[in-house]
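In case you want the letters, here they are:
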Amino acid sequence: MSSKKVYSADNQQERLKNVGWVIGYVDGEGCFSVSIFKNKTTKFGWQIFPEFVVTQGEKSKKTLKILENFFNCGKIYINKRYDNHNENIYRYCVRTRKELTEIIIPFFKKNQLKTAKKEDFEIFAKIIEMMNKNVHANLIGMRKIARLIEKMNQKKSSVFLESSETTR
């Protein structure tokens, strides 16, 4: 009986080590981003595209597989390099709102990031929550989301907000 307790304690310790590694790795290499781009098939001609991404060179691709297995969601994509670099880039991406809402956001709410990425994550989580409430289903809501996006990552002006199609 006590060996089962030791075994589960060992598993719990291993899980905690993995959680710490994931937090540190994402703090260094991850990105929470939301883009708005033109898409003629959508109601307003614009699409909001949230994603959680971790990028690595080909030599470190196995770490992306660890993340994919850890979260049990998302997918790894290759970005072939056609510049002066020697290796292709791989991206572990989680893009579905369901996986972001049910897996990624709860994990990072419970296990908080330590760097400035924490602020990006908090805005990201707020945008996903807004999308889950269909705030993006009208232009006013899309503008609110676009203003939040401007506060993330490189803090660039939103093309969506500057478009003549959306300033009417």
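Because the structure is predicted, anything quoted here is derived from the model rather than measured.

Student: Residues and numbers for the overall build of the chain, please.
Tutor: Secondary structure summary: the chain contains six helices and four strands in total. In the chain, the succession of helices and strands from N to C terminus is α-β-β-α-β-β-α-α-α-α. Counting all 168 residues of the chain, 40% fall into the buried class. Partitioning the contacts of the chain with sequence separation of at least 6, the portion at a separation of at least 24 is 59%. Carbon and sulfur atoms form 51% of the exposed surface of the chain, whose accessible area is close to 10700 Å².

Student: Talk me through the nonpolar core; I want residue IDs and the actual numbers.
Tutor: Formed by 41 residues in total, the largest nonpolar core has its most connected members in Phe-32, Phe-52, Phe-71, Tyr-92, Ile-104, Phe-108 and Ile-127. Looking at this core, the elements that each hand over two or more residues are helix H1 (2-29), strand S1 (30-38), strand S2 (46-57), helix H2 (61-71), strand S4 (89-94), helix H3 (97-110), helix H4 (117-132) and helix H5 (139-149).

Student: Before we move on, can you summarise H4 with the specific residues and values?
Tutor: Under the 1.5 Å per step criterion, the end-to-end length of H4 is 22 Å for 16 residues, consistent within 8% with the ideal 22 Å. By the burial criterion, the buried members of H4 are Lys-117, Asp-120, Phe-121, Ile-123, Phe-124, Ala-125, Ile-127, Ile-128, Met-130 and Met-131. Just downstream of H4 lies Asn-134, where phi reads positive at about 65 degrees.

Student: Run through the pattern of salt bridges, naming residues and quoting values.
Tutor: For the coordinates displayed, the defined rule picks out five salt bridges. Among the salt bridges present, the one from Glu-51 reaches Arg-91, with a minimum N-O distance of 3.2 Å. Of this pair, Glu-51 sits in strand S2 while Arg-91 sits in strand S4, and the two are 40 residues apart along the sequence. Each member of the pair Glu-51 and Arg-91 is classed as buried. Between Arg-95 and Glu-51 there is a salt bridge; the shortest N-O distance is 2.8 Å. Of this pair, Arg-95 sits in the loop between S4 and H3 while Glu-51 sits in strand S2, and the two are 44 residues apart along the sequence. Residue Arg-95 is classed as partly exposed on the basis of its relative accessible area, which comes to 31%.

Student: Please give an account of the environment of Asn-72 that cites residues and values.
Tutor: Within the secondary structure layout, Asn-72 lies in the loop between H2 and strand S3 (75-79). For the pair Asn-72 and Ile-103, spaced 31 residues apart in the sequence, the C-alpha separation amounts to 8.7 Å.

What counts and what doesn't
- Residues numbered from 1 in each chain as written.
- Predicted model: local features only at pLDDT ≥ 70, side-chain atom pairs only at ≥ 80, totals over all residues.
- Heavy atoms only, no water.
- Helix = DSSP H or I, 4+ residues; strand = E, 2+ residues; numbered from the N terminus.
- Buried < 20%, exposed > 50% of the residue type's maximum accessible area, 1.4 Å probe, protein only.
- Contact = heavy atoms within 4.5 Å.
- Areas by Shrake-Rupley, 256 points an atom, 1.4 Å probe, with all protein chains shown as cover.
- Core = buried A, V, L, I, M, F, W, Y, C linked by side-chain atoms within 4.5 Å.
- Expected span 1.5 Å × (residues − 1).
- Salt bridge = Lys/Arg side-chain N within 4 Å of Asp/Glu carboxyl O.

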